[in-house]
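Residue-level structural notes
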Amino acid sequence: MSQQRAMTRWNDFNDATDQGSYDVIPSGTLVKVRMTLKPGGYDKPEMGWTGGYATCGDTGAIYLNAEFTVLEGQYARRKIWSLIGMHSPKGPEWENMGRSFVRGVLQSARNIKAEDNSPPAYKARQLKSLSELDGIEFVAKISTEKDQYDEPKNVIKQAITPEHKQYAQLMFGQVAPQGNPPANQLGGHPQAQLQSQLYSPPDSAPHPAESYNNQWD
């Protein structure tokens, strides 16, 4: 009787497809992404760091470990990893960069223009907890930098906000009209519907603060 063992898919890999080779996404590419956070288990409630989302590194730096998944287009399902600075023993610069990035993410996700200082916009730039960033969708600009092996890798350091001419098309799948996208073209996304009310003409909608506060209080 033959002693040769029958080969299975997990013994013989000659017929497996060759692994794909992914070049970096060109720097400057704009894509819609979903951000998820890898919990690091570090909390400091007095700083607003709760839920175990923050990570404390060996050097004492505090950061959010973020994964970005491209949702649509040529690079759909590609993943990019970046750190969002929250504190550095070396000084405030890293934290300031991180806070600026999160501000941009909130403005992109919630359809808030940078120069809008209305009460609803002011509140849209606030978080009840870091959990609101886990799963948030926004438009991002891809950058490229070198990794520890001096090889190029993609990172995300900038969110694209409604002022950009490609924002409406990338975020809501439509060509940007004059002003902001109408509510009936934003789909079922509650944040998009909510923020569309912020820019409705005064004669066609009540002051947005009332409906906004009802959903975010």
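A brief report on the enclosed structure follows. (Residues numbered from 1 in each chain as written. Predicted model: local features only at pLDDT ≥ 70, side-chain atom pairs only at ≥ 80, totals over all residues. Heavy atoms only, no water.)

Moving on, we come to the overall build of the chain. The helix and strand inventory of the chain stands at five helices and seven strands. Counting over 217 residues, the chain shows a buried share of 37%. Approximately 13600 Å² of the chain is accessible, and the part contributed by carbon and sulfur atoms is 49%. (Helix = DSSP H or I, 4+ residues; strand = E, 2+ residues; numbered from the N terminus. Buried < 20%, exposed > 50% of the residue type's maximum accessible area, 1.4 Å probe, protein only. Areas by Shrake-Rupley, 256 points an atom, 1.4 Å probe, with all protein chains shown as cover.)

Taking 1.5 Å as the rise per residue, helix α1 (residues 93–109) with 17 residues should run 24 Å; its terminal C-alpha atoms sit 24 Å apart, in good agreement. For α1, every residue scored as buried is listed here: G98, F101, V102, G104, V105, L106, Q107, S108 and A109. Just downstream of α1 lies N111, where phi reads positive at about 60 degrees. (Expected span 1.5 Å × (residues − 1).)

Summed over all chains, the structure comprises seven salt bridges. We note a salt bridge from E137 to K32, for which the minimum N-O separation is 3.9 Å. With E137 in strand β6 (residues 136–146) and K32 in strand β1 (residues 30–38), the pair connects residues that are 105 residues apart, well separated along the chain. Salt bridges sharing common partners tie together K32, R34 and E137. (Salt bridge = Lys/Arg side-chain N within 4 Å of Asp/Glu carboxyl O.)

Moving on, we come to the pairing of β6. As defined by bridge partners, β1 adjoins β6 across six bridges and the pair is classed as antiparallel. Following the sheet pairing, R34 is matched in β6 by E137. Pairing of β6 with strand β7 (residues 152–160) involves eight bridges; the strand directions are antiparallel. Of the residues in β7, the one forming a bridge with T144 is N154. With antiparallel pairing between neighbouring strands as the criterion, β6 and β7 make up a hairpin whose turn holds five residues, including D150 at a positive phi of roughly 65 degrees. (Pairing = 2+ DSSP bridges.)

Attention now goes to the nonpolar core. Counting 30 residues, the largest nonpolar core has M35, F68, L133 and F138 as the members making the most contacts within it. Going through the elements one at a time, β1, β3 (49–56), β4 (62–70), β5 (79–87), α1, β6 and β7 are the ones with two or more residues in this core. Setting aside its immediate chain neighbours within four residues, L133 contacts M35, L37, L64, V102, L106 and L127. The next biggest cluster of nonpolar side chains, apart from the first, holds seven residues, and it includes L30, Y167, L170 and F172. (Core = buried A, V, L, I, M, F, W, Y, C linked by side-chain atoms within 4.5 Å. Contact = heavy atoms within 4.5 Å.)

We now examine the side chain of Q107. Tracing the backbone through its elements, the reader meets Q107 in helix α1. In this structure Q107 comes out as buried when scored by relative accessible area, which is 4%.

Where β1 and β4 come together, six bridges link them in antiparallel fashion. Within β4, the residue paired with T36 across the bridge is E67.

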